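# Structural features, examined
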Amino acid sequence: MDVKIAESWKVALQAEFEKPYFSELVGFVRDEYKSTIVYPPGRLLFNAFDKCGFDNLRVVILGQDPYHGAGQANGLSFSVNDGVRFPPSLQNIFKEIEQDMGKPAPKTGNLERWAEQGVLMLNATLTVREGQPGSHQQKGWETFTDAVIATINNQKQGVVFMLWGKYAQDKGKIIDPSEHFVLRAKHPSPMSANYGGWFGCKHFSQANNYLTSKGLAEINW
């Protein structure tokens, strides 16, 4: 696999990459790419870390699994490739941004534009088999992404964490709210969003208000 990752992340996570569990994880993932169809494409596996360097990171959005349909996943949580129909959760994210910020839905669901502004869109599990959600859970990815969150928590200050749904909120329990700005809401999927707790959360304006209070530039959502 020709994996791209920003140099600042290589430095920040060097100790993690050298641990035995990570070697086992790499072996498992490599075998999966050889034997079956896995998303995202291998070259985009660490896309979240390549497009948003550790030094530039200002916001973290936690997801769970990559999309498992053909052509959807591009290595960023909730993001899809250009030209791909918006999945329901992404539609609801854009609806909330429109209500919160007055910005109409964009023509593309590719969120690399957010990543390049310092938004890390991190899935708990970075790979998945085609058509099999959750198929790469409990293989080591969760240990790795817990370490990523711990590294951000311990080595940076004033990061905005957006935790949507119980899974993300449980995973984010290690975040120190005295050092970072933690936002919680229901998950934007229709199953939870339609029952209240997502629409009206105003996470995007709250994030920008916090960033400007710290003398940092807003995110152009």
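Summarised in this report is the structure supplied together with it.

About the criteria used
- Residues numbered from 1 in each chain as written.
- Predicted model: local features only at pLDDT ≥ 70, side-chain atom pairs only at ≥ 80, totals over all residues.
- Heavy atoms only, no water.
- Helix = DSSP H or I, 4+ residues; strand = E, 2+ residues; numbered from the N terminus.
- Buried < 20%, exposed > 50% of the residue type's maximum accessible area, 1.4 Å probe, protein only.
- Contact = heavy atoms within 4.5 Å.
- Polar contact = N/O pair within 3.5 Å; in protein donor to acceptor, adjacent residues only side chain to side chain.
- Axes fitted to C-alpha atoms, helices over the stretch in contact; angles between N-to-C directions.
- Parallel < 35°, antiparallel > 145°, perpendicular 65-115°, else oblique.
- Nonpolar A, V, L, I, M, F, W, Y, C, P; charged D, E, K, R; others polar.
- Pairing = 2+ DSSP bridges.
- Salt bridge = Lys/Arg side-chain N within 4 Å of Asp/Glu carboxyl O.

### What to know about the environment of lysine 156
Within the element layout of this structure, lysine 156 appears in the loop between helix H7 (141–155) and strand S5 (160–164). Classification of lysine 156 by relative accessible area gives buried; the value is 16%. Distance in space between the C-alpha atoms of lysine 156 and glutamate 96 is 28 Å, their sequence separation being 60 residues. Not counting residues up to four positions away in its chain, the partners in contact with lysine 156 are Phe54, Asp55, Leu57, Thr151 and His180. Polar contacts involving the side chain of lysine 156 include one to the main-chain carbonyl oxygen of phenylalanine 54, which spans 2.9 Å.

### Description of the packing of helix H5 (residues 88–101) against helix H10 (residues 203–213)
At their nearest, the axes of H5 and H10 sit 8 Å apart, and the two run at 60 degrees to each other. Comparing the axis directions of H5 and H10 gives the class oblique. Together, Ile93, Glu96, Ile97, Asp100 and Met101 of H5 and His203, Phe204, Ser205 and Asn208 of H10 make up the contact between the two elements. Classifying every residue of the contact of H5 with H10 by side-chain character gives four nonpolar, three polar and two charged.

### Points about the sheet that holds strand S3 (residues 119–123)
Reading across the sheet, the four strands line up as S3-S2-S5-S6 and stay open at both edges, with parallel pairing between neighbours. For this open sheet the edge positions go to S3 and strand S6 (181–185), each flanked by a neighbour on one side alone. Along the sheet, successive strands turn relative to each other by an average axial angle of 20 degrees, direction set aside. Here strand S2 (residues 59–63) runs beside S5; their pairing, made up of three bridges, is parallel. Paired with valine 59 across the bridge in S5 is valine 160. Where H7 meets the sheet, its contacts fall on S2, S3 and S5, and the angle it forms with S3 comes to roughly 150 degrees. On top of the sheet, H10 reaches S2, S5 and S6; it is set at about 165 degrees to S5, its chief contact.

### Thoughts on unusual backbone geometry
At the junction of tyrosine 39 and proline 40, the peptide bond is cis and its omega measures out at -5 degrees in the coordinates. Among the secondary structure elements, proline 40 is positioned in the loop between strand S1 (38–39) and helix H4 (47–51). Backbone geometry at phenylalanine 78 places phi at a positive 70 degrees, although glycine is not the residue there. Summarising the element assignment, phenylalanine 78 is placed in the loop between S2 and H5. The backbone of lysine 202 shows a phi angle near 55 degrees, a positive value even though the residue is not glycine. By the element assignment, lysine 202 lies in the loop between helix H9 (190–193) and H10. Residue class for lysine 202 comes out partly exposed when judged on its relative accessible area of 42%.

### As for the environment of alanine 193
Its place among the elements puts alanine 193 in helix H9. Residues alanine 193 and proline 133 lie 60 residues apart in sequence; the distance between their C-alpha atoms is 20 Å. Residues within four places of alanine 193 in sequence aside, it is in contact with Asn92, His187, Pro188, Trp198 and Phe199.

### Some remarks on the pattern of salt bridges
Counted according to the given criterion, the structure contains seven salt bridges. Among the salt bridges present, the one from aspartate 50 reaches lysine 4, with a minimum N-O distance of 4.0 Å. A residue pair is termed long-range when its members are at least 10 positions apart, and aspartate 50 in helix H4 and lysine 4 in the segment before helix H1 (7–12) qualify at 46 residues. Judged by relative accessible area, which is 22%, aspartate 50 ranks as partly exposed. A salt bridge links glutamate 32 to arginine 129; the shortest N-O distance between them is 2.6 Å. With glutamate 32 in helix H3 (residues 20–35) and arginine 129 in strand S4 (residues 128–129), this residue pair connects regions lying 97 residues apart in the sequence.

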